[in-house]
Amino acid sequence: MTAQAPPIVLDFDEGIDRKTLHHLRDRFLVVNRQRWARAHSSLTHRQQVVLEVLPLVFHTNHPALPGYLDADCPYGLSHYRPDPATISAARRLARTFSIRDEGRRRADLEALFLMGSPGTLGHSVASDLDVWLCHRDDLQEPDIRCLERKAAKLTEWASSFGIELHVFVFSAADWRQGRQHAEVSGENCGSAQHYLLLDEFYRTGIHLGGCYPLWWLIPSEQEGRYQECVSKLVDYRFIRGNEYIDFGAVPFIPASEFLGAGVWQLYKGIDAPWKSIMKLLLIECYAQTQDQPVLSRVFKQAVFSGITDVDVLDPYVMLYQRLEQWLIAAEAESRLDLVRRSLYVKAGLPLTRIGAADQQGSGPWRARLLRELVAGWGWPEKHIEALDNRQRWRAEEASSLRRVVVSELTHSYRLLSRLARDHGEQSAISANDINLLGRKLYAAFQRKAGKIEQINPGLAPSLAEENLAFHHQSEQGGAGTGWLLYRDLEDPSDAFWQPVIRRSGNLAELVAWCYYNGLLTRSTRLNVRSGQAIASVSELREMLDAFTGFVPFPVLPAEREALARGVHPLRNLLLVNVGVDPQSHLTERGLHKLSARHDSLGFSGGRENLVITIDQITLNSWHEVSLQHYASGDTLIQCLKNVLASVALAPRNVPDIEVHGHNRGHGSAIARRVRELFADVLRQFFAGGAGPHPLRYVIEMGHRYFLLEFSGTEPGFIALESRAALMECLAQPRDVYLPVVFDHHALLDDPALRAACQASEPDSIQVFYALRGERAQIRVIDERGSLFGWDQPITSRRHLLTPLLRFLENLVERRTLRNREGPVALAGVRCYELVANNGQWRPEYRPQADTGASLSGLEVQAVGVQEGDSRVRFDLYCGEQEFTVLQYGDQLIPAVAHYIHSLRQSRDRYPVYLTDVHLPHDLDPRVYQQDIQTSQYLYYRASLEDALNRELEAFR
């Protein structure tokens, strides 16, 4: 039955008396003792000592008690007298403990309170203990810091009993003036919700020792003139002021606080929704029903009216009843059902497993109270069983409830966003905090391509499955290539009538989804039916190990600091050839390719690329896990391009790259090769945490070549089908200097070219030559890194490079003279011979001096002529003889060749040398080129020389 006493009425205008005030205080203490007893009973016998001695350890500074620091630590709890039970509990911890008389020493501490869920229906074994320790207003800062250190030490001590204890140290004056640092559940939100937090404290607080709350003595209807009433009580000495502590009134909740408190609750509710859903709805209820008193005033009014039954005054019951009344009036049945489920789960009492006559532990009163509520809700027994068996929930149940929870949290976020627009300037929460909350919501619940959705955000203890079966769709007789996930298949044929948990286009995505949602663990028994695909249990086990090492389950939420910054990838896991045999065409015939070529991107004599598919799993800085599948086209190149694109946006945070390949089909070697390639590419483009650096990276894969370079922050690839196409591409003009960097396995059959490119320098024309018998291999790298090369016979070793050097020196001289601002930055022309030493090729500097001696062949000059959109044509000069396009047209080259031939007095074969070429600045009709690159001159020089020498060959 409801405990009912006569109402107490205090009329501050007509008169009050000390006896009535004393009686009123005792009535609150009756409720307080019952709540303390309930909080005490909810703990295990071993844990109860923490609650029993907590006031004593602050009242005395005894070295034998927990939390002791030193003799100078503040102590003494005002008006506190430990009872025999407390002394006995202390002596169980320290046999020699005894209380000593401190005389009239002024206590350093005013009061100690327990607040929150302890002693209520909402308290469960997972609940923590939040304690308010209030010191004197004039306590010095070093003393306050000492108290905080003692509180931290007590927290460690309590954790040894399995209790999560939080002690918040502040003074009542700090609280009233908004200077407190009190936190709730580890979140620094006290200043953001001053009145809401005070409302919760007044209706849930349990007085452990020291001064009593002065708020108890002020009637609910007088909260508007709270300070006036307090002054009358103290000034007229109706009470002893030093026996009470004053945190202030809660006449109403300012609109600005709804936003601040809502943001904090929603921020916590994303990871642990059950408790936060009720608090979020209470905030919304307060905001929409400001004409109704807050719950703390309802609680106080009930005590004034004579109600001391702690069942009726239970804070969670009162909270539920307020929400029920509000939601029924709003006809929001689905939201009310979510509130009921939240309260039931928060209570943590499985009613279907607790008998009505259970008289052990803390079960009776909480189970009875919860059962009375549930009876009023009209829940069927199956509904209660489902909630009681949350540890047995499957993925389907979690996904269904997740949609409801996400809908409610999203609704709350939109409400908060609307409040931010209306009251943001008055709120203690900044626009940045709203943005932070939006990012956390986005990271937790937003769907996007490739993201692995988390279906269990704190809804069920575990979704682990004992048995999982992965079936390729071809097992069902279909033509598809996807995979199906089942549970508990004793026989593969059972799949025809068993429900499918999930479908996926590829196996890696399905395994990743199972792991990162907790379905797949090391103890899960696996069955794989791969049909037309290739997969095995051992491959899935290896993937599970890779996922465990990559990001262990559960994926922890991102820290606030990470959410405050832009998102970027933290690490990548590349799964190569999942369910694929890269040499299946040979394996089917029982053959294994043997060769000295071990490069996995150009394996064996057939130069096969063994990377067929890649599954890229990414963890980003907001702790989202995503998967991208590459299975067609140039999979490795596509994956590399996407990784580079993400790094280019945050080059200071180059992500780790892990690669895994199943041991089938050289899996370990393939993984090692891919890991080395990615590491080298990232190092080249983003060395020093900056970039992308300007360069061109060459990869040889199969019989093809890929040239990678960045345009701004966007990576791009050019696929080249042959070596000749690669060399032609490397010779193309560039806007800026771009060195050429080769992958470690690219062009290994041309080490001289690799050595030349490695020695390339900006703003310099470098000539590299290698002597190979009767022929010379010549390559020129110009001022912007463009590479032009050719082979030529060695007719005279003495004059091997003279025609080329004379041509290049002419270019340098002309540029120098044409530059109006002074000498250009070119370092001139430098020659290097490429030589091999112990298998290593390196360039050796070979100074070349042009003596000016005449060459055996005829020197020819060319002047380019550009006419409209047609290709450039040339007027040629052989000594003093002029051959123009206007005169000879298409017969220009034959005419020049005929003239040269006519000048030769013997049948000796002398090459034609172009010692100078002039190109028009409108070489490309679409643009005007102020500076034409050396490689462009070399290209036209080589084209003209080849054409003339071919014509001369015809005269033999």
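### Focus on helix H12 (residues 333-347)
Phase 1 of the analysis: With 15 residues, H12 ought to run about 21 Å at 1.5 Å a step, and its terminal C-alpha atoms sit 21 Å apart, in line with that.
Phase 2 of the analysis: The buried fraction of H12 is high, at 12 of 15 residues.
Phase 3 of the analysis: Considered for burial, the residues of H12 that qualify are Arg335, Leu336, Leu338, Val339, Arg340, Arg341, Ser342, Leu343, Tyr344, Val345, Lys346 and Ala347.
Phase 4 of the analysis: Positive backbone phi, at 65°, marks Gly348, one or two positions downstream of H12.

### A short note on the environment of His22
Phase 1 of the analysis: If you trace the backbone, His22 turns up in helix H1 (residues 18-41).
Phase 2 of the analysis: Residue His22 is classed as partly exposed on the basis of its relative accessible area of 40%.

### Let's talk about the pairing of strand E21 (residues 787-793)
Phase 1 of the analysis: Two strands pair when backbone bridges link them, and strand E20 (residues 775-781) and E21 are joined in this way by seven bridges, in the antiparallel orientation. Bridge pairing links Arg779 to Gly789 in E21.
Phase 2 of the analysis: Between E20 and E21, which pair antiparallel in sequence order, lie five residues; one of them, Gly785, sits at a positive phi of approximately 85°.

### Section: the nonpolar core
Among soluble globular proteins, nonpolar side chains are generally buried collectively.
Phase 1 of the analysis: Of all hydrophobic cores here, the largest spans 154 residues; its most connected members are Trp132, Phe247, Phe470, Tyr516 and Phe547.
Phase 2 of the analysis: Here Phe470 is in contact with Trp483, Leu484, Leu485, Leu507, Leu510, Val511, Cys514, Leu526, Asn527, Val528, Arg529 and Leu540, once residues within four sequence places are set aside.
Phase 3 of the analysis: Among the nonpolar cores identified, the runner-up in size contains 48 residues, and Val780, Leu800, Val829 and Cys878 belong to it.

### Some remarks on the sheet that holds strand E10 (residues 525-529)
Phase 1 of the analysis: Ordered by their spatial adjacency, four strands build an open sheet running E9-E8-E7-E10, and the pairing between neighbours is mixed. With partners counted over all chains shown, the strands left at the sheet margins are strand E9 (502-504) and E10, one partner each. Geometrically, the sheet is characterised by an average inter-axis angle of 20° between neighbouring strands, direction not taken into account.
Phase 2 of the analysis: One ladder, built from five bridges, connects strand E7 (residues 467-472) with E10; its direction is parallel. Bridge pairing in E10 links His471 to Arg529.
Phase 3 of the analysis: Sheet contacts for helix H17 (residues 507-516): E7, strand E8 (483-487) and E9; angle to E8, the most-contacted strand, approximately 35°.
Phase 4 of the analysis: Sheet contacts for helix H18 (residues 537-550): E7 and E10; angle to E10, the most-contacted strand, approximately 125°.

### Considering the side chain of Thr60
Phase 1 of the analysis: Mapped onto the elements of the fold, Thr60 is located in the loop between helix H2 (48-59) and helix H3 (84-93).
Phase 2 of the analysis: The contacts of Thr60, once residues within four sequence positions are left out, are Leu65, Tyr75, Phe97, Ile99 and Lys150.

### Observations concerning the side chain of His62
Phase 1 of the analysis: With respect to the secondary-structure elements, His62 resides in the loop between H2 and H3.
Phase 2 of the analysis: The class for His62 is buried, based on a relative accessible area of 15%.
Phase 3 of the analysis: Polar side-chain contacts of His62 include one of 3.0 Å to the backbone nitrogen of Ala64.
Phase 4 of the analysis: The contacts of His62, once residues within four sequence positions are left out, are Tyr68, Phe97 and Ser98.

### Quick look at the packing of aromatic side chains
Phase 1 of the analysis: Using the criterion set out here, one finds 35 aromatic pairs in the structure.
Phase 2 of the analysis: Chaining the aromatic ring pairs together yields one cluster made of Phe113, Trp132, Phe170, Trp175, Phe201, Tyr202, Trp215 and Phe247.
Phase 3 of the analysis: When the ring centre of Tyr267 is taken as reference, the NZ or CZ atom of Arg560 above it lies at 5.7 Å.
Phase 4 of the analysis: It is Arg941 that lies over the ring of Phe807; its NZ or CZ is 5.0 Å from the centre.

### What about the confidence of the model for the chain?
Phase 1 of the analysis: On average, the chain scores 86 in pLDDT, and the residues at 70 or more come to 90%.
Phase 2 of the analysis: Within the chain, strand E5 (residues 212-213) carries the highest mean pLDDT (97), whereas helix H20 (residues 584-587) carries the lowest (55).
Phase 3 of the analysis: Throughout residues 181-191 the model reports pLDDT below 50, and contacts reaching past four residues in sequence, or to other chains, amount to 25 contacts.

### Details of the pairing of strand E11 (residues 569-576)
Phase 1 of the analysis: Counting buried positions along E11 gives six out of eight residues, so the element sits mostly inside the fold.
Phase 2 of the analysis: Summarising the sheet, E11 and strand E12 (residues 614-620) pair through seven bridges and their orientation is antiparallel. Each bridged residue has a counterpart across the sheet, and for Arg571 the counterpart in E12 is Leu619.
Phase 3 of the analysis: Pairing analysis gives six bridges linking E11 to strand E14 (residues 656-661), with the strands arranged parallel. Among the inter-strand pairings, Leu575 is bridged to a residue of E14, identified as His660.

### Here's the deal with unusual backbone geometry
Phase 1 of the analysis: The peptide bond linking Phe553 to Pro554 adopts the cis configuration, its omega dihedral lying at 0°.
Phase 2 of the analysis: In this structure, Pro692 follows Gly691 across a cis peptide bond, with omega equal to 5°.
Phase 3 of the analysis: Along the chain, Pro692 turns up in the loop between helix H22 (667-686) and strand E15 (696-701).
Phase 4 of the analysis: In the Ramachandran plot, His623 falls in the positive-phi region, its phi being about 60° despite a non-glycine side chain.
Phase 5 of the analysis: Within the secondary structure layout, His623 lies in the loop between E12 and strand E13 (625-630).

Conventions adopted
Sequence order sets the numbering: in each chain, residues are counted from 1 along the sequence as written. Local features are withheld for residues below a pLDDT of 70 in this predicted model, meaning they are given only at 70 or higher, and side-chain atom pairs are given and counted only at 80 or more; totals for whole chains, interfaces and linings count all residues. By convention in this description, side-chain values take in all heavy atoms of the structure and omit both hydrogens and water. Secondary structure follows DSSP: runs of H or I at least 4 residues long count as helices, runs of E at least 2 residues long count as strands, and numbering of each begins at the N terminus. Every helix has an expected span of 1.5 Å times one less than the residues it contains. Working definition: with a 1.4 Å probe on protein chains only, accessible area under 20% of the residue-type maximum means buried, over 50% means exposed, and in between means partly exposed. Criterion used throughout: strands pair if DSSP finds at least two bridges between them. By nonpolar core we mean a set of buried residues, namely Ala, Val, Leu, Ile, Met, Phe, Trp, Tyr and Cys, connected to one another through side-chain atoms within 4.5 Å. Between two residues, a contact is recorded if the distance between any of their heavy atoms is within 4.5 Å. Under this scheme, a helix contributes an axis fitted over its contacting stretch, all axes are lines through C-alpha atoms, and angles between N-to-C directions fall in the 0 to 180 degree range. N or O atoms within 3.5 Å of each other form a polar contact, as long as, within protein, one can give a hydrogen and the other can take it, and as long as residues adjacent in sequence are counted only when both atoms are side-chain atoms. Pairing of aromatic rings covers Phe, Tyr and the six-membered ring of Trp, with a centre-to-centre limit of 6.5 Å; geometry is then stacked below 30 degrees between planes, edge-to-face above 60, and tilted otherwise. In this analysis the charged atom, NZ for Lys or CZ for Arg, is taken to sit over a ring once it is within 6 Å of the ring centre and within 35 degrees of the ring normal. Values of pLDDT, the confidence the predictor places in each residue, fall between 0 and 100.

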